[in-house]
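Each chain, written out:
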Amino acid sequence: MNKAIKNIYRIIIERDYLILAILVLIKFAFQLLVVNSGYKWLSSDDYCRTVKSFEWLENPVINSGVWLTPHFWINGVIMLFVKDLFLAATLTNVFFSTFTVYYIYKISLYVFDKKTAILSSFIFALFPFQVWLSLSGLPESIHFFFIIAGIYYALLYKKNNGRIKDLILATVMFMFGNMFRYEGWLFSIVFVIYIFYLEIVMKKNSRKNYFPLIVSAFSLLTIMWWLIQNYLDHGSFTYFASETNKIFEDYGGIKVLQKVVQYPVFIFYIAPITSFFAIKVSYDCIKGFVKKKDDVSLLSVLAFFNIAQLALLMLQGLFGTGGTNMISRYIVINAMLFIPMAVWQIFNFRKWIAVALFVLIIAGNIIWSFNYPNPFREDTYEAGRLIRDRIEKNY
């Protein structure tokens, strides 16, 4: 029996496609468990986005507003086949979230090793905020998919010594990422800076190659489209930002502190253990960029994307272009990118310490995933049904 188990284990561990299949199955099964526990989404954000998606399906147009409209386009296409609007919006997120596992696994595998890749992907599948968002009507899971895919291909570009195919794929992924969350814009900016560093700064004593920089800049095209669309629709390139900024008008003297501090603080709120252990790793490897060494490791690249985007996010918040509701949504992707770094760091501890920490992280994620926020509780959903019933009966 032991020999048979060992053979099965060896067959699985030697084949990435089997590992990925198991991880995807685990993620999908865990999402079902959370749904079956009574999870429902009924926040005004989810609801309004779903209604807007159906409106787009009824009258497909290209327009702009405060929300990035491509989210409505994808949901609308799914609604052609799934007539339950709420289910359609949820399935969109489930699809993109489930296949994000592939890129988390491959990033962790290339930057670290197989055991780190397996455990990082497993923790990602159980990460509460990722689970909740993957079962919601919000656009985060689509955004996560494209941005993490973009980082993966950006890493491949470095790993494969500047292979143009990887650069093009990274550019395309970041272009799409820009279309679902404004935070994606910051990742595109970091991507262009990264290519500039690789192809211009690091080649200061040799012939500089501007072509990759030009290709990477194409990732900004969707940002330019959105600014132009805002001008065409509302007479202002920054209509979306000015409208969002109104959220802070009543916050008085505390607003600057809130805007600057909220993002790094919330990372430690939503993922305290993994974020804590990833900070040291990030700090050490980011020095490779600061000191301008002759070569940069894949780990340094991963850390640079995460830390640089977070710094830009804080700057964005300072200018008032961030919201005040569910702030933790904005930095979930940063917490997810910290997971492989933390797992790798923990594996370097003594075995009993590493095992204890992994058990704590996994158990904590599972328990927290079933303790979902009020907008997703069954009692909130029941209250919504009761109100709707009263309205329909002209009560």
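Procedures and definitions
- Residues numbered from 1 in each chain as written.
- Predicted model: local features only at pLDDT ≥ 70, side-chain atom pairs only at ≥ 80, totals over all residues.
- Heavy atoms only, no water.
- Helix = DSSP H or I, 4+ residues; strand = E, 2+ residues; numbered from the N terminus.
- Buried < 20%, exposed > 50% of the residue type's maximum accessible area, 1.4 Å probe, protein only.
- Contact = heavy atoms within 4.5 Å.
- Areas by Shrake-Rupley, 256 points an atom, 1.4 Å probe, with all protein chains shown as cover.
- 1 Å grid on protein atoms, 1.4 Å probe; cavity = no way out; pocket = protein on both sides within 12 Å on 5 of 7 lines; lining within 4 Å.
- Points joined across faces, edges and corners; volume = space filled by probe spheres on them.
- Nonpolar A, V, L, I, M, F, W, Y, C, P; charged D, E, K, R; others polar.
- Core = buried A, V, L, I, M, F, W, Y, C linked by side-chain atoms within 4.5 Å.
- Salt bridge = Lys/Arg side-chain N within 4 Å of Asp/Glu carboxyl O.
- Expected span 1.5 Å × (residues − 1).
- Bend = angle between axes of the 7 residues up to and from the residue.
- Axes fitted to C-alpha atoms, helices over the stretch in contact; angles between N-to-C directions.
- Parallel < 35°, antiparallel > 145°, perpendicular 65-115°, else oblique.
- Phe/Tyr/Trp six-rings, centres within 6.5 Å; stacked < 30°, edge-to-face > 60°.
- Lys NZ or Arg CZ within 6 Å of the ring centre and 35° of its normal.
- pLDDT = per-residue confidence, 0-100.
- Arc of directions from axis to C-beta.

With that settled, consider the overall build of the protein chain. Counting its secondary structure elements, the protein chain contains 19 helices and zero strands. By residue count, 49% of the 395 residues in the protein chain fall in the buried class. Intrachain contacts of the protein chain at a sequence separation of at least 6 include 77% that bridge at least 24 residues. Roughly 19100 Å² of accessible area belongs to the protein chain as shown, and the carbon and sulfur atoms make up 67% of that amount.

Quick look at empty space enclosed by the protein now. According to the stated counting rule, one finds one cavity of 30 Å³ or more in the structure shown. Contributing elements (two or more residues each) for the lining of the largest cavity: α5 (85–111) and α8 (140–159). Along the lines of polarity and charge, the residues of the lining of the largest cavity split into three nonpolar, four polar and no charged.

Take the nonpolar core next. Core analysis: the biggest nonpolar cluster contains 100 residues, and Ile148, Ile151, Phe191, Tyr194, Phe305 and Met341 have the highest contact counts within it. No other element matches α8, which puts 14 residues into this core. What Phe191 contacts, discounting residues up to four positions off in sequence, is Ala154, Leu167, Ala170, Thr171, Phe174, Ser216, Ser219 and Phe305. Leu68, Trp185, Ile223 and Phe240 belong to the second largest nonpolar core, which has seven residues in total.

Moving on, we come to the pattern of salt bridges. Per the stated rule, a full pass over the model turns up six salt bridges. Residue Glu140 is joined to Arg181 by a salt bridge in which the shortest nitrogen-to-oxygen separation is 3.3 Å. Placement of Glu140 in helix α8 and of Arg181 in the loop between α9 (164–177) and α10 (183–201) is noted, with a sequence separation of 41 residues between them. For Glu140, a relative accessible area of 0% translates into the label buried. Looking at Arg181, the relative accessible area reads 7%, which means it is buried. Salt bridges sharing common partners tie together Glu140, Arg181 and Glu183.

What follows concerns helix α17 (residues 332–347). The end-to-end C-alpha distance of α17, which contains 16 residues, comes to 23 Å, matching closely the 22 Å that a straight helix rising 1.5 Å per residue would cover. Of all the bends in α17, the greatest, near 30°, is centred on Ile339, and the proline Pro340 appears no more than four residues after it. Among the 16 residues that make up α17, 14 are buried, leaving the element largely enclosed by the rest of the structure.

The next thing to look at is the packing of α5 against helix α16 (residues 298–318). Across the interface, α5 lies against α16 with an axial gap of 9 Å and an inter-helix angle of 135°. Accordingly, the angle class assigned to the pair α5 and α16 is oblique. Judged by residue contacts, Ile107, Tyr110 and Val111 of α5 engage Leu298, Leu299 and Leu302 from α16. For the contact of α5 with α16, a count of residues per class yields six nonpolar, no polar and no charged.

A separate point is the side chain of Ser275. Position of Ser275 relative to the elements: it lies in helix α15 (residues 272–290). Residue contacts for Ser275: discarding those within four places in its chain leaves Ile267, Phe268 and Phe338.

A separate point is the side chain of Ser216. Position of Ser216 among the secondary structure elements: in helix α11 (residues 211–217). Contact partners of Ser216, with chain neighbours within four places excluded, come to Leu167, Thr171, Phe191, Val192 and Ile195.

As for its position among the elements, Val261 is in helix α14 (residues 255–270). Distance in space between the C-alpha atoms of Val261 and Met314 is 7.5 Å, their sequence separation being 53 residues.

Okay, the packing of aromatic side chains next. Counted by the stated rule, this structure contains 38 aromatic pairs. An angle of 85° between the planes, with centres 5.0 Å apart, marks the rings of Tyr102 and Tyr103 as edge-to-face. Tyr103 gets classed as buried once you look at its relative accessible area, which sits at 8%. Between Phe276 and Phe277, the aromatic rings sit 5.2 Å apart at their centres with planes inclined by 80°, giving edge-to-face as the arrangement. On the basis of relative accessibility, which here comes to 56%, the residue Phe276 falls in the exposed class. If you follow Arg49 out to its NZ or CZ, it ends over the ring of Trp67, 4.4 Å from the centre. It is Lys115 that lies over the ring of Phe347; its NZ or CZ is 4.6 Å from the centre.

For Asn161, which is not glycine, the phi torsion reads 55° and is therefore positive. Its place among the elements puts Asn161 in the loop between α8 and α9. Looking at Asn161, the relative accessible area reads 74%, which means it is exposed.

With that settled, consider the confidence of the model for the protein chain. The share of residues in the protein chain with pLDDT of 70 or more is 83%, and the mean pLDDT across the chain is 85. The spread of mean pLDDT over the elements of the protein chain runs between helix α19 (residues 378–392), the lowest at 61, and α9, the highest at 97.

Once that is clear, we can look at helix α3 (residues 44–58). Between the first and last C-alpha of α3 there are 21 Å, a value that for 15 residues agrees with the 21 Å anticipated at 1.5 Å per step. When α3 is considered as a whole, its buried residues turn out to be Asp45, Asp46, Arg49, Thr50, Ser53, Trp56 and Leu57. Each buried residue of α3 sits inside an arc of 130° when the element is viewed along its axis, so together they form one side. Set apart from the buried face of α3 by more than 90 degrees, the exposed residues are Ser44 and Glu58.

Okay, the environment of Leu313 next. Looking at the element boundaries, Leu313 is found in helix α16. For the pair Leu313 and Ile331, spaced 18 residues apart in sequence, the C-alpha separation works out to 8.8 Å. Those residues in contact with Leu313 that lie beyond four places of it in its chain are Glu183, Leu186, Tyr263, Tyr330 and Ile331.

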